[in-house]
Amino acid sequence: MHLDEGQIKAYLDHQLAAPEKEQVRAHLASCTQCQALAGSLAAQADRIDSRLAAITPSPAAVPRADAARARLQSRIAEKEKNTMFRRIFAPRYRSAWVAVGFVLILAVALAFPPSRRLLTVSLGCSSAAVHRGAGQSG
Ligand SMILES: [Zn+2]
């Protein structure tokens, strides 16, 4: 009785337990037909190994775990920063930001005498009141 391919492959891959391994070794030593099959299977395994080696990326090409983690953390940090920005400028605070913007525009306008005069005239208030108001806001 000859060896089957599975037995020979398992033998070549060192996957057999000691007693079966010894039986296969003994049979291969005496049977030229099984030796030929074992030789062709070994050659096939070598070809497969070399092709796998050709398509397996080199260690340098595989991204390192710590580099990948650092990249992920920086991406998370950026996302958190982005959400913080969104939280600050959330729609519910929009009216507050509009008010802040209006106050800033008013403050800048009051800082320049020509526009202060124009504002005083258009708002119909006295120059003293504007001065007092500007003094309070900063
Ligand atoms: Zn045989």
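Above this text sits the structure in question.
Residues numbered from 1 in each chain as written. Predicted model: local features only at pLDDT ≥ 70, side-chain atom pairs only at ≥ 80, totals over all residues. Heavy atoms only, no water.

Colleague: Mind showing me how you'd approach the pattern of salt bridges here?
Modeller: As a working rule, side chains carrying opposite charge can pair if their charged atoms are close by. By the definition in use, this model includes three salt bridges. Taking the shortest distance from any N to any O, the salt bridge between Lys 9 and Glu 5 comes out at 3.5 Å. On the criterion of helical spacing, the pair formed by Lys 9 and Glu 5 is a turn pair, its members being four residues apart in helix α1 (residues 5-12). In this structure Lys 9 comes out as partly exposed when scored by relative accessible area, which is 38%. Look at Glu 5 and you get partly exposed, because its relative accessible area is 40%. The salt bridge partner of Glu 22 is Arg 25, with a shortest N-O separation of 3.4 Å. Taken together, the residues span about one helical turn, with Glu 22 and Arg 25 both in helix α2 (residues 18-30) at a distance of three residues. (Salt bridge = Lys/Arg side-chain N within 4 Å of Asp/Glu carboxyl O. Helix = DSSP H or I, 4+ residues; strand = E, 2+ residues; numbered from the N terminus. Buried < 20%, exposed > 50% of the residue type's maximum accessible area, 1.4 Å probe, protein only.)

Colleague: Would you mind showing me how to read the coordination of the zinc ion here?
Modeller: Six octahedral donors around a metal ideally subtend angles of 90 or 180 degrees, whereas four tetrahedral donors ideally subtend 109.5 degrees. The coordination sphere of the zinc ion contains the protein donors His 2 (ND1), His 27 (NE2), Cys 31 (SG) and Cys 34 (SG), at a distance range of 2.1 to 2.2 Å. We note that the donor set of the zinc ion lies within a single chain, spaced as H-x24-H-x3-C-x2-C. Note on accessibility: Cys 31 and Cys 34 belong to one class, buried. (Donors = N, O, S within 2.8 Å, 3.2 Å for Na, K, Ca; no water.)

Note that every value here comes from positions in space, so none of it alone points to a role or purpose.
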